[in-house]
Amino acid sequence: KYTGQEILRQMNNDVSAFVAGYGTGGSLTGIGRALRAKIPHVKIYAMEPAEAALLSGEMPCCHFIEGVTGGFIPPLLDTSLLTDDIKVTSDAAMLMTRRLHKEFGFAVGISSGANIIAALKVATEMGPDSRVVTILCDRAERYFSTRLFEPEESA
């Protein structure tokens, strides 16, 4: 109801694609509907853990992108809005999240790192004139006791 309208305002109604993971499906569906109502050709992508890509018909397994894909496709997720799904591995999401912490000072969780990876993939495919939006939907303090904050192995 509100986030989609905020995105439209901030992007001056010029959005090529929206990319985000889904937990309950509420944000992806709500934002997708708001964008599609104003920009009928906008592309909507669901980010999914590669290890549990349910929208692709794969069985859920072990992934570390907390808060997304709880082992089922939630009833709130309107899959008819989706252009496609983008698979992101847990390891890639972890590396991007750590990069967001260190290089940009964004104290976010793993699903935000995964959203960035998926959005960058879509933006690369769509080209330099595209305007791709994602959201950083979680905060790092929820993950202090997880492997996100374990010391990194030296190369």
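For the structure itself, look to the data block above.
Worth saying up front: this structure is predicted, and the values here are computed from it rather than measured.

Conventions used here
- Residues numbered from 1 in each chain as written.
- Predicted model: local features only at pLDDT ≥ 70, side-chain atom pairs only at ≥ 80, totals over all residues.
- Heavy atoms only, no water.
- Salt bridge = Lys/Arg side-chain N within 4 Å of Asp/Glu carboxyl O.
- Helix = DSSP H or I, 4+ residues; strand = E, 2+ residues; numbered from the N terminus.
- Buried < 20%, exposed > 50% of the residue type's maximum accessible area, 1.4 Å probe, protein only.
- Right-handed = clockwise from strand over helix to strand, strands pointing away.
- Pairing = 2+ DSSP bridges.
- Phe/Tyr/Trp six-rings, centres within 6.5 Å; stacked < 30°, edge-to-face > 60°.
- Axes fitted to C-alpha atoms, helices over the stretch in contact; angles between N-to-C directions.
- Parallel < 35°, antiparallel > 145°, perpendicular 65-115°, else oblique.
- Left-handed = near helix turned anticlockwise from the far one by under 90°.
- Contact = heavy atoms within 4.5 Å.
- Nonpolar A, V, L, I, M, F, W, Y, C, P; charged D, E, K, R; others polar.
- Core = buried A, V, L, I, M, F, W, Y, C linked by side-chain atoms within 4.5 Å.

Trainee: Quick question: what am I supposed to make of the pattern of salt bridges here?
Mentor: Oppositely charged side chains can pair when the atoms bearing their charge come close. Inspection of the entire model under this criterion finds 3 salt bridges. Linking arginine 131 and aspartate 14 is a salt bridge whose minimum nitrogen-to-oxygen distance equals 3.8 Å. Linking arginine 131 in the loop between helix 4 (110-126) and strand 4 (132-134) with aspartate 14 in the loop between helix 1 (3-10) and strand 1 (17-21), this pair joins segments that are 117 residues apart in sequence. Residue arginine 131 is classed as partly exposed on the basis of its relative accessible area of 30%. Note that glutamate 103 and arginine 99 form a salt bridge whose closest N and O atoms lie 3.1 Å from each other.

Trainee: I keep staring at the pairing of strand 2 (residues 43-49) and nothing clicks. Help me out?
Mentor: As a general feature of sheets, a regular strand has side chains that alternate between the two faces. Among the 7 residues that make up strand 2, 6 are buried, leaving the element largely enclosed by the rest of the structure. Taken together, strand 1, helix 2 (residues 26-38) and strand 2 form a β-α-β motif whose crossover is right-handed. Inspection of the sheet shows strand 2 paired to strand 3 (residues 84-88) by 5 bridges, in the parallel sense. Considered in strand 3, the bridge of glutamate 48 is made with lysine 87.

Trainee: Could you clarify how one ought to interpret the packing of aromatic side chains in this entry?
Mentor: The way to describe two aromatic rings as a pair is by their centre distance and the angle between their planes. Throughout the structure, instances matching the rule amount to 1 aromatic pair. Look at phenylalanine 104 and phenylalanine 106: their rings are 6.2 Å apart centre to centre, the planes differ by 25°, and that puts the pair in the stacked class. Overall, phenylalanine 104 belongs to the partly exposed group, its relative accessible area being 48%.

Trainee: Honestly, the environment of phenylalanine 72 in this entry has me stumped. Any pointers?
Mentor: Along the chain, phenylalanine 72 turns up in the loop between strand 2 and strand 3. On the basis of relative accessibility, which here comes to 47%, the residue phenylalanine 72 falls in the partly exposed class. Along the sequence, phenylalanine 72 and leucine 55 sit 17 residues apart, while their C-alpha atoms lie 9.3 Å from each other.

Trainee: How should the packing of helix 1 against helix 2 be read in this particular structure?
Mentor: The packing of two helices is summarised by the inter-axis angle and the distance between the axes. Where helix 1 contacts helix 2, the axes come no closer than 7 Å and their chain directions differ by 45°. When the axes of helix 1 and helix 2 are compared, the pair comes out oblique. Helix 2 is crossed by helix 1, and the crossing has right-handed handedness. Here Thr3, Gly4, Gln5, Ile7 and Leu8 of helix 1 come into contact with helix 2, specifically with Ile31, Ala34, Leu35 and Lys38. Its residues assigned to classes, the contact of helix 1 with helix 2 comprises 5 nonpolar, 3 polar and 1 charged.

Trainee: Before we go on, may I ask you to explain the sheet that holds strand 4 in this structure?
Mentor: Note: strands within a sheet are paired through backbone hydrogen bonds, in either parallel or antiparallel orientation. Taken in spatial order, the 4 strands of this open sheet run 3-2-1-4, and their pairing is parallel. Of all the strands in the sheet, the pair left with one neighbour each is strand 3 and strand 4. On average, each strand axis in the sheet is tilted by 25° relative to the strand beside it, whichever way the strands run. Sheet topology places strand 1 next to strand 2; 5 bridges connect them, and they run parallel.

Trainee: Please explain the nonpolar core as it appears in this structure.
Mentor: Counting residues in each nonpolar core, the largest one holds 18 residues, and the members touching the most others are Ile7, Val15, Phe18, Leu28, Leu35 and Ile44. For this core, the secondary-structure elements that each account for two or more residues are helix 1, strand 1, helix 2 and strand 2. Considering every element that reaches this core, the biggest residue donor is helix 2, with 3 residues. Non-local contacts of isoleucine 7, meaning those with residues more than four positions away in its chain, are made with Val15, Phe18, Ile31, Leu35 and Val133. If you look at the next biggest cluster of nonpolar residues, it comprises 15 residues, including Ala17, Val19, Tyr45 and Val122.

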